[in-house]
Amino acid sequence: MLIQGFLHTSAERHPNSVALVCGDKRLTYAQIEVMSNRLANALTAAGVARGDRVAVYLNNSVETVVSIFAILKVDAVFVVINRATKLE
């Protein structure tokens with residue numbers, strides 16, 4: 001099973017269990033599943049396809065986690081770029 005499949009399975013089995021704590025935010029498996037599905041649909045509509053590379057340039061956040069799952073759901077490849085990376 002691929003990692004995005006684990007999210008889907010966890011959302012089915014334990015939808016109300018807390019899956020992510022980020023600062024004062026707490027998200028359940030079901031919430032992350034819904035958010036990542038929504039973003040995956042937007043990525044597909046924007047033309048992201050299997051094997052495409054998608055850069056994630058965000059601070060460590062809920063949005064970063066959701067982005068990674070969404071990118072995996074469209075069978076693309078995520079590349080996390082550290083916000084501290086210098087242009088050089």
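This is a predicted model, so every value here is computed, not measured.

Scoring rules and cut-offs
- Residues numbered from 1 in each chain as written.
- Predicted model: local features only at pLDDT ≥ 70, side-chain atom pairs only at ≥ 80, totals over all residues.
- Heavy atoms only, no water.
- Helix = DSSP H or I, 4+ residues; strand = E, 2+ residues; numbered from the N terminus.
- Areas by Shrake-Rupley, 256 points an atom, 1.4 Å probe, with all protein chains shown as cover.
- Lys, Arg positive; Asp, Glu negative; His and termini not counted.
- Charge placed at Lys NZ, Arg CZ, Asp CG, Glu CD.
- Salt bridge = Lys/Arg side-chain N within 4 Å of Asp/Glu carboxyl O.
- Buried < 20%, exposed > 50% of the residue type's maximum accessible area, 1.4 Å probe, protein only.

Draft legend 1. Seen up close, the overall build of the protein. In terms of regular secondary structure, the protein is built from 3 helices and 4 strands. Sequence-ordered secondary structure for the protein, helices as α and strands as β, is α-β-β-α-β-α-β. Carbon and sulfur atoms make up 56% of the accessible area of the protein, which amounts to about 6000 Å² in all. Within the protein, one finds 9 positive and 7 negative side-chain charges whose respective centroids are separated by 2 Å.

Draft legend 2. Examining the pattern of salt bridges more closely. With the rule as written, the count across this model stands at 1 salt bridge. Taking the shortest distance from any N to any O, the salt bridge between glutamate 33 and lysine 73 comes out at 2.9 Å. Note that glutamate 33 is positioned in helix H2 (residues 29-45) and lysine 73 in helix H3 (residues 62-73), a separation of 40 residues in sequence. With a relative accessible area of 9%, glutamate 33 lands in the buried category. Under the relative-accessibility criterion, lysine 73 is labelled partly exposed at 23%.

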